[in-house]
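Okay, here's what each chain looks like letter by letter:
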Amino acid sequence: MDTPKGSDAGFIVKYRQEYYDLSEFMHKHPGGINTLNGLNQADMTARFMKAPPHSDAAMYLMKEYKVKSEDPRIPMTKPRHQARRIDNGQDSQERSNESEDKNNNQLDESMEHLVDWSKAMLPQIANITKCYDEWVHKPVDRPLRLFGPWYLEMLTKTPWWLVPIFWIPVIIRFAWEDIHTSWNDKSQLACVTGYFLFGVLLWTFLEYTLHRWVFHIKLKCNSGPWICTFHFMIHGLHHKVPFDPMRLVFPPLPGAILATLIYYPLSYFLIQPRVVLSGALAGYLCYDMMHYYLHYGNPSFRHIVHMKRYHYQHHFTHQDLGYGISSPLWDVVFKTRIHLRKLKYQLRWS
Ligand SMILES: [Zn+2]
Ligand SMILES: [Zn+2]
Ligand SMILES: [Zn+2]
């Protein structure tokens with residue numbers, strides 16, 4: 001399939017009686033960009049209904065791209081001809097089939113009136129604790145400001161490349177001494193390598209436990225303002241604005257504090273704890289880079305495509321499953337694995 005291209009007028013589609021501009025979204029579409037092929041300036045209702053049903057979160061996100069009916073980019077003179085061609089004329093049956101639509105079109109009203117997106121979001125979380133859990137799992141695609149003062153706001157944004165720049169020297173530093181002293185002793189070196197790999201495995205377990213039991217801590221309607229604000233800071237915001245590239249990787253400073261808190265108690269039980277820490281940090285670095293790539297990359301390797309679809313299912317469909325991001329290993333162990341549909345064609349994102 002070709003990659004669909006927008007035009008100067010955007011990538012306008014019609015769904016039921018509404019119009020949407022998908023030009024900013026098509027590269028992020030969890031179902032791939034190639035599935036949108038031929039929909040520019042067309043009615044996508046029939047194809048949308050034939051496609052696997054979209055989750056409630058996906059239907060909510062779609063509202064972000066709605067354009068007003070008086071928008072000059074809406075095509076008045078050539079309604080639906082492209083979609084009709086693609087769907088072999090089946091859009092004539094569209095109205096009679098609307099009852100078969102498995103998508104939740106009567107989706108509850110937007111909850112975004114509860115907060116003011118033009119103001120700092122963090123102080124507002126305390127006002128919405130009763131419905132915070134529901135609100136945070138309804139994704140939007142809009143700029144998020146966490147703090148009012150610019151100097152605090154600046155600290156909340158992390159470009160992806162800062163993470164390897166910060167952590168690679170730390171990883172080398174912690175492993176170097178043990179590697180250096182065991183360099184001429186093969187069995188000792190094999191031991192050090194084993195401890196390093198153990199550290200990587202330890203990370204995969206930490207990735208799962210942190211994501212499942214800390215980042216997705218169960219919130220109730222009587223959860224206090226502090227716990228909701230904490231949740232929003234550590235992971236809630238990533239589910240609320242999943243397409244914010246500056247809020248995706250873990251900022252190095254809190255990361256270093258968290259690593260220290262986990263490392264010190266563990267170091268009493270481990271032999272060669274510095275090498276284990278180095279391996280765990282290497283595992284973490286791979287995880288964070290992979291998480292970023294899953295959101296923004298256009299993978300062609302089957303495993304990475306699978307993990308991208310897997311992670312998007314966690315975001316938009318099964319937020320209580322699929323906690324593994326770099327691998328589904330611990331999801332299999334703890335029975336929280338998501339089973340993906342087999343596709344007849346490869347998805348692409350660019
Ligand atoms: Zn879709
Ligand atoms: Zn999550
Ligand atoms: Zn994510």
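Residues numbered from 1 in each chain as written. Chains lettered and ligands numbered in written order. Predicted model: local features only at pLDDT ≥ 70, side-chain atom pairs only at ≥ 80, totals over all residues. Heavy atoms only, no water.

Named according to an unreviewed UniProt entry, the chain is Fatty acid 2-hydroxylase originating from Drosophila pseudoobscura pseudoobscura. Quoted verbatim from the Sequence similarities (unreviewed entry) heading of the UniProt record, the comment on the chain is "Belongs to the sterol desaturase family. SCS7 subfamily." Quoted verbatim from the Subcellular location (unreviewed entry) field of UniProt, the annotation for the chain is "Endoplasmic reticulum membrane". (UniProt positions renumbered as here; feature names shortened; annotations may be inferred.)

Visitor: For this particular structure, what's the right way to read the UniProt feature "binding site: heme" (unreviewed entry) in the chain?
Guide: As annotated by UniProt and renumbered to match this structure, "binding site: heme" (unreviewed entry) occupies His 29 and His 54. Taken together, the annotated residues stretch across 26 residues yet fold into one region, lying no more than 11.4 Å apart by C-alpha. Structurally, His 29 is set in the loop between strand 2 (18-21) and strand 3 (42-43). Assessed through its relative accessible area of 11%, His 29 is described here as buried. (Helix = DSSP H or I, 4+ residues; strand = E, 2+ residues; numbered from the N terminus. Buried < 20%, exposed > 50% of the residue type's maximum accessible area, 1.4 Å probe, protein only.)

Visitor: Hey, could you run me through the coordination of the zinc ion (ligand 1) in this one?
Guide: By definition of the ideal shapes, four donors in a tetrahedron about a metal sit 109.5 degrees apart, and six donors in an octahedron sit 90 or 180 degrees apart. Looking at the zinc ion (ligand 1), one finds its protein donor set to be His 29 (NE2) and His 54 (NE2), positioned 2.0 Å from the metal centre. Here His 54 lies in the loop between helix 1 (45-50) and helix 2 (56-62) and His 29 lies in the loop between strand 2 and strand 3, a separation of 25 residues in the sequence. (Donors = N, O, S within 2.8 Å, 3.2 Å for Na, K, Ca; no water.)

Visitor: I would appreciate a short explanation of the sheet that holds strand 2 in the present structure.
Guide: Remark on secondary structure: sheet strands pair via backbone hydrogen bonds, oriented parallel or antiparallel. Spatially, the four strands line up as an open sheet ordered 3-1-2-4, and their pairing is mixed. Bordering the open sheet on either side are strand 3 and strand 4 (66-67), each of which pairs with just one other strand. When strand 1 (residues 12-15) meets strand 2, the two strands line up antiparallel, connected through four bridges. Note that in strand 2 the partner of Lys 14 across the bridge is Tyr 19. (Pairing = 2+ DSSP bridges.)

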